[in-house]
Amino acid sequence: MGQRRLFYGWVVVGASALIVCVGMGALFSLGVFLKPMADTMGWSRAAISSVALLNWIAMGLGSFFWGALSDRIGTRGVAVSGGLLLGLGLVLSSQVQALWQLYVTFGFMVGFAVGAFYAPLTSTATKWFTARRGLAVALVSSGIGVGILAIAPLARALTSLWDWRVALLVIGDLAWLIIVPVALVIRERPGEGAAAMGGVARAGREYATREVLAAPQFWAIALTHFACCAAHSGPIFHMVTHATDQGIGGMAAATALGVSGLSSIVGRVGGGMLADRVGIKPTLLAGLALQAVMIVLYLFVRDVGLFYGLAIVFGVAYGGVMPLYALVTREYFGEKVMGAAYGGVFLVSTLGMGIGSYAGGWLYDRFGSYSWLYGGSFAIGALAVMLAMTFRSARPVASLTPAPAAH
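Here we summarise the structure given alongside this text. Along each chain, residues carry numbers from 1 onward, in the same order as the chain's sequence is written. With pLDDT at 70 or above as the cut-off, local features in this predicted model cover only qualifying residues; side-chain atom pairs require 80 or more to be listed or tallied, and sums for whole chains, interfaces and linings still use all residues. Excluded from the side-chain calculations are hydrogens and water; all other atoms, namely the structure's heavy atoms, are used.

### Brief notes about the environment of Q217
With respect to the element layout, Q217 can be found in helix 10 (residues 216-237). When residues no more than four places from it in sequence are discounted, the contact partners of Q217 are Y332, F333, T390, F391 and R392. Runs of H or I in DSSP of at least four residues are treated as helices and runs of E of at least two as strands, each being numbered from the N terminus. Contacts: residue pairs with any heavy atoms within 4.5 Å of one another.

Below, the structure is given as structure tokens:
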């Protein structure tokens, strides 16, 4: 027997995960630079934190723009362009002298550049798989968690050795050195005569971008994703502060946040595999319900051990549902406009991420307690469950000639 060749779809998944890892890790590194920037430049923490809100808005807009562009020119060109812009934004951020310059370079340029990665690359991964599509998308999504775990410590180490300007410069150079060449291995879909892994494709009408935006199902998916992100973003962003308010030590609280991020990777992979076995909708409903329950439990936990356990399960819950929105979008709207369709869904979800994080701080400043944050997040999380229940079944599928067993 001849040796089996590696199915190229897995190469695309690996490259996509690495690109997402570097891009999202760079985006989240702003939290590491917050205090050093405030100390050296005299900027308030609130002013620097507002850059993060701009990041989410720019990334959402970028996801739709780059996603629609990838439908036209392919994801390889989009990822290369995003990598070039990301590196430029980070390098220019290392040279800023005024706060407005940071808004432009890190807030807009970095955020918009990162929008070129997750939604377009996830969309491309779905084109390579029918069987194991959930696992493939989950692995791409896992790049987010790995990026946070890898880039944040790197940024902290570089800042300690030199300063935040050198750290940003180095990370910007890494974005160029890693993302641009890795993006060149991305292929849009299996070649002529080859089928996606599993040998099954959907039959049914293909949507135009304008029809996607007008479809009730698009808004059902987008608003569910919005509610999901609005529910968990506040508890994630304010987790450390809430824990210290409950008497938990600062290092223990920060470690719990890291543990939650690590468990979210397990959740992403597990959620994708479970969706392949039992279906996307039941997996999504179970994950959203678990997320809502974990959020409200934060109101009652005071013990550090229980807080760690809660952080782990919460990470599994919110991580497990994140890849599923791409899957349900692909099932309903098909391959032709997947970039624009999922880019639009992701745009709406980023607004939820930004609003949820900001609302948590606003509610605490107004009422002097995080109770309103967790209570409100639970209500929004429950709303996400109800919205997900409205999802209609995907269009029927038709079998094609099975692909060779090149797993």
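After that view, the rundown keeps rolling.
### A closer look at helix 1 (residues 8-28)
Here, expected helix span is obtained from the residue count minus one, scaled by 1.5 Å. The terminal C-alpha atoms of helix 1, which comprises 21 residues, lie 30 Å apart, in line with the 30 Å expected from a rise of 1.5 Å per residue. Buried residues are those whose accessible area, probed at 1.4 Å on protein chains only, stays under 20% of the maximum for their type, while exposed residues exceed 50% and partly exposed ones sit between those limits. Within helix 1, 16 of the 21 residues are buried, leaving the element largely enclosed by the surrounding structure.

### Overview of the side chain of S263
With respect to the element layout, S263 can be found in helix 12 (residues 250-278). Residues contacting S263, with those up to four places away along its chain left out, are A311, I312, G315 and V316.

### Side note on the packing of helix 7 (residues 133-161) against helix 8 (residues 164-183)
Their axes nearest at 7 Å, the elements helix 7 and helix 8 cross at an angle of 135 degrees. The angle between the axes of helix 7 and helix 8 places the two elements in the oblique class. As helix 7 runs across helix 8, the sense of the crossing is right-handed. Contacts between helix 7 and helix 8 involve I151, L154, A155, L158 and T159 on the former and, on the latter, W164, A167, V170, I171 and L174. Here an axis means a line fitted to C-alpha atoms, over the contact stretch when the element is a helix, while the angle between two N-to-C directions is reported on a 0 to 180 degree scale. For this classification, under 35 degrees means roughly parallel, over 145 means roughly antiparallel, 65 to 115 means roughly perpendicular, and everything else is oblique. Crossing chirality is assigned from the near helix's rotation relative to the far helix, an anticlockwise turn below a right angle marking it left-handed and a clockwise turn marking it right-handed.

### Side note on the nonpolar core
As used here, the term nonpolar core means buried Ala, Val, Leu, Ile, Met, Phe, Trp, Tyr and Cys residues forming a set that is joined through side-chain atoms within 4.5 Å. Core analysis: the largest hydrophobic core is formed by 100 residues, its most contacted members being L86, L90, F117, L288, F333 and Y342. Residue contributions to this core peak at ten residues, all from helix 1. Core analysis: the next-biggest nonpolar cluster, separate from the first, contains 19 residues, A231, A256, Y298 and Y370 among them.

### Comments concerning a nonpolar patch on the surface
Within the patch definition used here, like charges are joined within 9 Å and nonpolar side chains (Val, Leu, Ile, Met, Phe, Trp, Tyr) within 5 Å, considering only residues with over 30% relative accessible area and no salt bridge. Accessibility throughout is a Shrake-Rupley quantity obtained with a 1.4 Å probe, and a residue counts as covered only by protein chains that appear here. For salt bridges, the criterion is a side-chain nitrogen of Lys or Arg within 4 Å of an Asp or Glu carboxyl oxygen. Judged by side-chain polarity, L53, I57, L61, L351 and I355 come together as a nonpolar surface patch covering roughly 400 Å² of accessible area. Mapped onto the nonpolar patch, the elements with two or more residues apiece are helix 3 (45-73) and helix 16 (338-367). Looking at which element gives the most residues to the nonpolar patch, the answer is helix 3, with three residues. Counting through the fold element by element, I355 comes out in helix 16. Its relative accessible area of 47% is what places I355 among the partly exposed residues.

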